[in-house]
Amino acid sequence: MLSGILSLLLLVSPVSANEEHHHSHPARPADNATQFGEKTGLAGKPVPLASLVKDYDKYKSQQVLTTGTVTKVCEKMGCWVVVKDGETQVRITMKDNGFAVPKAILNKKVVAIGNIQQKDLPAKVLRHYLKDEGKTDAEIEKMKIDAPQTVYLFDASGIKII
């Protein structure tokens, strides 16, 4: 069970190891919107999520495109999504909390532009993300997340439904 939880927590986020995740975001856009944040640079050949993780040193200082299907969205503010491509799942949050996405983005294929990062996220932030997913306090407590985890993060400046 714990290994399944850890694989679900392969996160992508601009939150640093010393920061809490705060909800001070723009209003959630209309459900029929298809592009969010930066409008340029969302064309080109995406780098698979698995490659961003596997070849982290190669991509860590580059702005890249990546793609995946949205499997989770922040229920509260639309401030992050989890995307999956093959076996790799990554949480994408919005650069500088500068934009949000609608709940209707769930199960849609998206392309995102941004930067891959690797950070240590405190247990408090990891639990906060689970709460944002709609998990109850009891469900989160059963997961016994009590230590920081090193995760890959994707700081997106733009997302587009494709």
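Below or above, wherever it landed, is the structure these notes cover. (Residues numbered from 1 in each chain as written. Predicted model: local features only at pLDDT ≥ 70, side-chain atom pairs only at ≥ 80, totals over all residues. Heavy atoms only, no water.)

## What to know about the environment of Asn97
Then, in step 1: Counting through the fold element by element, Asn97 comes out in the loop between strand S4 (88-94) and strand S5 (109-121).
Then, in step 2: Along the primary structure Asn97 and Asp155 are separated by 58 residues, whereas in three dimensions their C-alpha atoms are 9.7 Å apart. (Helix = DSSP H or I, 4+ residues; strand = E, 2+ residues; numbered from the N terminus.)

## Structural notes on the pairing of S5
Then, in step 1: Summarising the sheet, strand S2 (residues 64-73) and S5 pair through six bridges and their orientation is antiparallel. From the neighbouring strand, Val64 faces S5, where its bridge partner is Gly114.
Then, in step 2: Bridging between S5 and strand S6 (residues 149-161) involves 12 bridges; their strand directions are antiparallel. If you follow Ile116 over to S6, its bridge partner there is Phe154. (Pairing = 2+ DSSP bridges.)

## Quick word on helix H4 (residues 123-132)
Then, in step 1: Within the sequence span of H4, burial applies to Ala123, Val125, Leu126, Tyr129, Leu130 and Asp132.
Then, in step 2: Next to the buried residues of H4 lie S2, strand S3 (80-85), S4, S5, helix H5 (137-143) and S6.
Then, in step 3: Among the residues trailing H4, Gly134 stands out with phi positive, at a value near 105 degrees. (Buried < 20%, exposed > 50% of the residue type's maximum accessible area, 1.4 Å probe, protein only. Contact = heavy atoms within 4.5 Å.)

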